[in-house]
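Letter by letter, the chains look like this.
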Amino acid sequence: MKGHSRIGRPSGRSRVGSVAFAAAVLVLGFALAGPVIGGEGEGSSKQGKFLFRSKCKECHWPDREGGEVTPITFTQQQWKDFFDKNKHKKKKDVWGEKFTAEELVHIKTYLIEHASDSPQPETCG
Amino acid sequence: MKQGQGRFKRYAMVVEVKKCFNCKGCVVACRAENNVPLPISRNWIEESGIRGRYPFLGQTFEPAACNHCERPPCERVCPTGATYRTSEGIVMVDNRKCIGCKYCIQACPYQARSVNRRDKVIEKCTFCIHRLEEGRIPACVETCMGGARHFGDVNNPDSEVARLLAHKDSYVKKSEAGTRPAFYYVF
Amino acid sequence: MNEENGTCKESKAVGKEKKQIAEPGPPKSERGRLVMDRRRFLSLSVSAAALVAASGGSWRFLAGTAHGGLDSKTVQGATRVVPTVCGLCTNKCGALARVVDGVVVKLDGNPRHPKSRGKLCARGQAGLQLLYDPNRLKVPLIRAGARGSGQWKRASWQEALDYTAERLLQIKERYGPQGVLFSSTEEFQERFFLDLAEAFGSPNTIRHPTQCLVANNVAFFHTYGTVPLPDLANSCLILMAGANRAEAIITPDTLDLFENLHYRSKFIYLDPRYTVTASKADIWIPIKPGTDLAFVLAMIHVIVKENLYDRAFVEQCTHGFDKLVEHIEPYTPEWAARECEVPAVQIVEIARMFASAAPRAIFYYGRRSSFDRNQTAFRRALAIVNAIVGNWDSPGGLLPPQSVSLGFTLIPPFPDIEAPRIDGLPESYPLNNTQDGVYSRARENVLKGEPYPVKGWMVYKQNPLHGMPDRAKTQKMIDQMEFLCVIDVLPSDTAWQADVILPEATYLEREDPLHTESSIRPHVVYRQQAVEPLYESRPNFWIMKELAGRLGLGSYFDYDLKTYIENQMMTLSEEARQALREYGVWTREGYPKYGEHRAKGRFRTPTGKIEIYSTRFEQQGKDPLPVYQPLPKPPLGQFRLLMGRNAYFTHAALQNNRWLLHLYPENRLWIHPEEARRLGIRDGTTVEVVSPVGRGTLKAYVTEAIRRDCVYMDHGFGHTSPALEAACGRGVSDQTLIADAADEVTGGVSYHETFVEVRAAA
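Okay, so let's go over this structure. (Residues numbered from 1 in each chain as written. Chains lettered and ligands numbered in written order. Predicted model: local features only at pLDDT ≥ 70, side-chain atom pairs only at ≥ 80, totals over all residues. Heavy atoms only, no water.)

**Here we look at the packing of aromatic side chains**
Considering all chains together, one arrives at 43 aromatic pairs over all chains under this definition. Taking the centre distance of 5.6 Å and the plane angle of 65° together, the rings of A:Phe82 and A:Trp95 count as edge-to-face. Pair noted here: A:Phe82 is in helix α3 (residues 76–86) and A:Trp95 is in helix α4 (residues 92–98), with a separation of 13 residues, a long-range link. Across this residue pair, the class does not change: A:Phe82 and A:Trp95 are buried. A ring pair is formed by C:Trp152 and C:Trp496, whose centres lie 6.2 Å apart and whose planes are at 70°; its orientation type is edge-to-face. One end of the pair, C:Trp152, is in strand β7 (residues 152–154); the other, C:Trp496, is in helix α20 (residues 493–496), and 344 residues separate them in sequence. (Phe/Tyr/Trp six-rings, centres within 6.5 Å; stacked < 30°, edge-to-face > 60°. Helix = DSSP H or I, 4+ residues; strand = E, 2+ residues; numbered from the N terminus. Buried < 20%, exposed > 50% of the residue type's maximum accessible area, 1.4 Å probe, protein only.)

**Description of the side chain of C:Asp271**
Residue and element names in this part refer to chain C. Mapped onto the fold, Asp 271 is located in the loop between β12 (266–270) and α10 (276–280). Among buried charged residues, Asp 271 stands out as having no salt bridge; its nearest opposite-charge side chain is Arg 273, 4.7 Å away. Within polar-contact distance, the side chain of Asp 271 engages the backbone nitrogen of Arg 273 at 2.9 Å. With residues near it in sequence (within four places) discarded, Asp 271 still touches Gly 242, Trp 284, Ile 285, Pro 286 and Ile 287. (Lys, Arg positive; Asp, Glu negative; His and termini not counted. Salt bridge = Lys/Arg side-chain N within 4 Å of Asp/Glu carboxyl O. Polar contact = N/O pair within 3.5 Å; in protein donor to acceptor, adjacent residues only side chain to side chain. Contact = heavy atoms within 4.5 Å.)

**Details of the sheet that holds strand β21 (residues 523–525) of chain C**
Residues and elements named next belong to chain C. Pairing is antiparallel across the open sheet formed by three strands, whose spatial order is β20-β21-β22. The sheet is open, and its two borders are formed by β20 (515–517) and β22 (585–587), each paired with just one other strand. Across the sheet, the mean angle from the axis of one strand to that of its neighbour is 20°, orientation sign disregarded. As paired elements, β21 and β22 share three bridges and run antiparallel to each other. Residue pairing across strands places Val 525 opposite Val 585, the latter belonging to β22. Contacts from helix α23 (residues 574–583) reach β21 and β22, with the element oriented near 140° to β22. (Pairing = 2+ DSSP bridges. Axes fitted to C-alpha atoms, helices over the stretch in contact; angles between N-to-C directions.)

The quantities given are spatial measurements derived from coordinates; they are silent on function.
Written as structure tokens, this is what we have:
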């Protein structure tokens, strides 16, 4: 009811692979330094958040060149289309220059997960 | 000074009883504002308790404190003149003159006075006179969440309190005591 | 009295000054000083070392000031007014702290704050007593004896933090980062605790929603795509079920409701108990507990059958109405009358009144939804009944919540986490917010040790022993931990069980990040520091940063709070920033707004419409429309135990506040006179309450204000921590008595499903 923080994974898209639970107990320390790319070409939402904030936000800020864009600017389908078809048409070269293919996968994952129709409910506080 | 004469202010509290929901914000605000030590309070809420038989029930809350009477029994009985009334009708205690006889406590029909043992003074509502000086309203009125409490000069026909009293039925506590309180309740 | 000239002189001077009001008096500054002279506050001049010496190394560290050698001090000087935000409950009311000579002398409401409008309730006014509570946590403590024995070793911050980091790393080494549970409650510095958890690599964060409003949020979110806010001030008919706004205060809802009582046509209130709110209602319906859903379903039945719904709105903006028509067929008023013990004609009449007053009608849903197994279905029904009368985005109806977007501070990406959550989210409760966790499931799995052991527990601003049902089970959960660290302000029952206690600074001693409240009037608040932290307490940001450094996670906290706040301000105009610095609050103009969303029309749901028929519920195998489950009846001679709260305390957090305790010293068991007579119980005498999981004694409150089939007690009493000198031993903890029960859809606790026996105590 309060606040608009939506954090977490959308339902039905589990990040839990088929790692045996016994092995899970022995998983040590930090997860991998690099992004985990699953079988569906999914990226890392956490990497994506960092990239979105550090790179995209340079232009997509209120009163800046690209205008404000946040994950909830579009729906999940719209984000999918944006990454698969549109590919930042308004300034195509920026995309090619600024981001590697891998980074785009991460950003896509993050934006879809937190899109305006993401199934993660708002929380309190 | 006469009522309605317009020369002097007459401060009064008017409470819309329906709006008080017993949050007791006023009780704590007063304690904080006036540094009133536990266990005494300058103000309190008179709770009627649950009236009636289930499921036809009723309950009311009446904020109360010193009524700042026009004819205060406390002033009458005070042997040293420590209790006095200001020109705006606020009943005050000059603790320098007080000898601690506690006659005023007995005389008050509203049990509005108590002994503050920590500071060795008589503790009672002062209508937050120190705030009035600064153009502020009493702490209890300011914080009243239900918007039940109203405060002002009844001698000013444009004031909120004067208008409330003009347009609504009101009552005071123990009117038969003849004290003429400045603390009114409206429905 | 004038026995001692010293004390009387000051008050006499005041008296004298006051007498001169009608005539010109001494200069104002002098009068101001004299007024201030009357103020005395306990000074905190004792050093921590002196405290140690006085206390002898045992739990008396936490002992009150009477033993500590503190003196009384008169403060004088200029008053500094510092904008702050009340921290005694979740409402975040704007407040102004008056500070004289480094002492907070009074808290006033902030008149510019759109929710509290210059008021503070009893708790807000009593915030001083939290700041100056003699039992406050003063220094870091490390457990020196058996868990719960109260043997503590006074530690320096260095020592306590080193030790905490060491233990956390040990657990990480042995069990993985998921072996540490991070549980916290919302506040302006909670974010840093959650960041630490994520940086640490643990998926196991648990917050308060599943003990409170998860069902409400999940139900409304999956219906509307958001949790709407009620425009109570402009509503003509308000229906309310159990949200006791007079005693469970929400701003501005409470203010809107009671300030405008005369100007509204009707306020109808459903509750098994005659609460203060009931006494203000035009109609109080003493509904049978657990049957609210039946009432609403019957209302929907009437509204649909008699074509009282907003046809145009339903067609344009909702999905699944046709399925609803079919679904509510059996839920007739006559059926509901039997379930609820409310006359059918009354249900019909209320449904008609509600629909005819719409769109200026609200079936208000409040926050807490943790009642019984029907909680999610009930909230879905509330969402539906509001939707079909078309009160969306309309004056006096439900409005889309607004907040202000704030700037961020860039930190490195958190590590991806392989381990599944201990509570099985999101798979176990796919409709929930994952990060909030599900407490009952988590506790269950921790006790089982499946799918993996959880042996470390970091607790921030939370009191699980008082929040979770079946206290004995929570105790077991604590007992099986290898390490428990509690960050708090007071020595709570949970802190008493800890291995390490870290004293946090209270809200009056901190500058906090900006915060935006979801509201119909979007605004931002800026809590500024009124006084320096007392004793050795520290703000949570500092604690987290220090811990992070020792855990090798320093890069995630490589900034200071000032920078964090400046970054937040970057999205705001200069005018807004100025307002925040000067007044502590900035509200965006032009709100509440009506009709904008209604015109554009896309809801943040899969269908883009208000989902009367929830596609996501269906997708996850839950009832897509609310289905009523009758609750089991209490066995003969037993009662359903209800719990709730009053206006003087916030959950289990404030019972040690002496100013508040003075208003309400203990909780009592509400019981109907007929039942009391039957059991030989007199008002004010002690009774024993026995449940399947515990027992306790408290005084009885024999009253007509409750139904015969249930008993009630306030939540939050029955503290056992001896360090809470004022609160310890008063009343009974409802959580000792309430058995573990949760809603199937959201895992939200069902606090009202326990049956108890009541006996007069010998």
